[in-house]
Amino acid sequence: YDVTAIDPVAPEGPIFRRIKLEDLEEDASFDAVVASRSFHHMTNLDQNLDRVARLLGEDGRFILDEFAWERLDEPTAHWYEGQRRVLVAALPDRRAPTAEDWLDYHADLHRSETVRAGLSARFEELTFERVPYLWRYLGGPATAELEESLIESGAIQALGFRFVGIPAPDGSLNQE
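Residues numbered from 1 in each chain as written. Predicted model: local features only at pLDDT ≥ 70, side-chain atom pairs only at ≥ 80, totals over all residues. Heavy atoms only, no water.

Chemist: Sorry if this is basic, but what is going on with the nonpolar core here?
Modeler: Nonpolar side chains in soluble globular proteins generally cluster together in the buried interior. Within the largest apolar cluster, 22 residues are counted, with the highest numbers of intra-cluster contacts made by F39, V52, F62, L64, L119 and F123. Listing elements by their share of this core, those giving two or more residues are β3 (30-36), α1 (45-55), β4 (56-67), α4 (112-122) and β6 (160-167). No other element matches the 5 residues that α1 contributes to this core. The next biggest cluster of nonpolar side chains, apart from the first, holds 17 residues, and it includes W102, L134, I156 and L159. (Core = buried A, V, L, I, M, F, W, Y, C linked by side-chain atoms within 4.5 Å. Buried < 20%, exposed > 50% of the residue type's maximum accessible area, 1.4 Å probe, protein only. Helix = DSSP H or I, 4+ residues; strand = E, 2+ residues; numbered from the N terminus.)

Below, the structure is given as structure tokens:
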């Protein structure tokens with residue numbers, strides 16, 4: 001595969017470019033765009049979703065791994081805090097943010113329903129699933145499998161989501 005990886009703080013390497021999506025050339029074309037935990041940070045969400053739709057070929061796929069920070073309810077925060085305390089006690093060098101700090105940090109960022117509405121307006125959804133997310137912060141004793149089993153049992157909320165879509169045939173869906 002021919003890969004172009006963009007991020008304003010990308011590492012050094014032949015596939016990496018230290019740019020924002022807004023700075024990617026308009027005439028670029030891709031078979032797939034993969035984004036991980038980035039669109040909730042974008043100030044120009046709609047413009048960037050439009051750009052992704054334009055960058056994809058007719059059968060191109062947009063694969064998005066994101067999260068719904070606003071779904072952090074009391075039981076999920078309680079579980080996270082317990083796991084975080086165990087992690088800090090066992091590995092003092094390892095620091096995960098508190099649930100309160102994590103929520104405060106994300107409070108000014110896009111909510112998942114805003115991201116989903118932007119996706120629905122521009123892409124035909126092929127797949128959407130809610131997935132574990134907090135394990136990325138915790139690691140160690142709080143694995144993705146543990147979080148997934150608690151989500152499946154209904155004990156905590158799934159904060160992550162994955163979306164796969166193709167550009168809408170007319171360039172926009174569900175816009176009134």
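Chemist: Which parts of the structure should I look at to understand the environment of H40?
Modeler: Tracing the backbone shows H40 in the loop between β3 and α1. Using a relative accessible area of 2% as the deciding quantity, one classes H40 as buried. Setting aside residues up to four positions removed in sequence, H40 forms contacts with E66, F67, H106, L109 and H110. (Contact = heavy atoms within 4.5 Å.)

Chemist: Can you help me understand the pattern of salt bridges in this one?
Modeler: Working definition: two side chains of opposite charge can pair if their charged atoms are close together. In total, this model carries 10 salt bridges according to the counting rule given. When the shortest N-O distance is used, the salt bridge between R136 and D65 registers 2.7 Å. Placement of R136 in helix α5 (residues 135-138) and of D65 in strand β4 is noted, with a sequence separation of 71 residues between them. Classification of D65 as buried rests on a relative accessible area of 12%. Measuring nitrogen to oxygen at the nearest pair gives 2.8 Å for the salt bridge that ties R111 to E113. Its relative accessible area of 37% is what places R111 among the partly exposed residues. Through salt bridges with shared partners, a single ionic network connects D46, D50 and R122. (Salt bridge = Lys/Arg side-chain N within 4 Å of Asp/Glu carboxyl O.)

Chemist: Any chance you could explain unusual backbone geometry here in plain terms?
Modeler: Glycine aside, the phi torsion of most residues is negative, and most peptide linkages are trans. A positive phi angle, near 50 degrees, is found at R37, a position not held by glycine. Along the polypeptide, R37 turns up in the loop between β3 and α1.

Chemist: Looking at this model, I keep getting lost on the packing of α1 against α4. Mind explaining?
Modeler: Each pair of packed helices can be described by the angle between their axes along with the distance between the axes. Running from amino to carboxyl end, α1 crosses α4 at an angle of 35 degrees, the nearest separation of the two axes being 10 Å. Here the hand of the crossing between α1 and α4 comes out right-handed. Counted together, L45, D46, L49 and D50 of α1 and T114, V115, G118, L119 and R122 of α4 form the full contact between these two elements. Taken together, the residues of the contact of α1 with α4 sort by class into 4 nonpolar, 2 polar and 3 charged. (Axes fitted to C-alpha atoms, helices over the stretch in contact; angles between N-to-C directions. Left-handed = near helix turned anticlockwise from the far one by under 90°. Nonpolar A, V, L, I, M, F, W, Y, C, P; charged D, E, K, R; others polar.)

Chemist: What is the right way to look at the sheet that holds β4 in this model?
Modeler: Strands in a sheet are paired, the pairing made by backbone hydrogen bonds, and the direction either parallel or antiparallel. One open sheet holds the 4 strands; their spatial order is β3-β4-β6-β5, and the pairing between them is mixed. Looking along the sheet, the strands with just one partner apiece sit at the ends: β3 and β5 (123-131). Going from strand to strand, the sheet's axes swing by 10 degrees on average, the running direction of each strand aside. Bridging between β5 and β6 involves 8 bridges; their strand directions are antiparallel. Bridging across to β6, V131 finds its partner in G160. (Pairing = 2+ DSSP bridges.)

Chemist: Explain the packing of aromatic side chains here, please?
Modeler: Applying the stated criterion across every chain, the model contains 10 aromatic pairs. Measuring from centroid to centroid gives 5.5 Å for F39 and F62, while their planes differ by 65 degrees, and the two rings are edge-to-face. Of this pair, F39 sits in the loop between β3 and α1 while F62 sits in strand β4, placing them 23 residues apart in sequence. Here F39 matches F62 in class, with each residue buried. Ring geometry for F123 versus F163: centroids 6.4 Å apart, planes at 75 degrees, classification edge-to-face. Linking F123 in strand β5 with F163 in strand β6, this pair joins segments that are 40 residues apart in sequence. The exposure class assigned to F163 is buried, which follows from its relative accessible area of 2%. (Phe/Tyr/Trp six-rings, centres within 6.5 Å; stacked < 30°, edge-to-face > 60°.)

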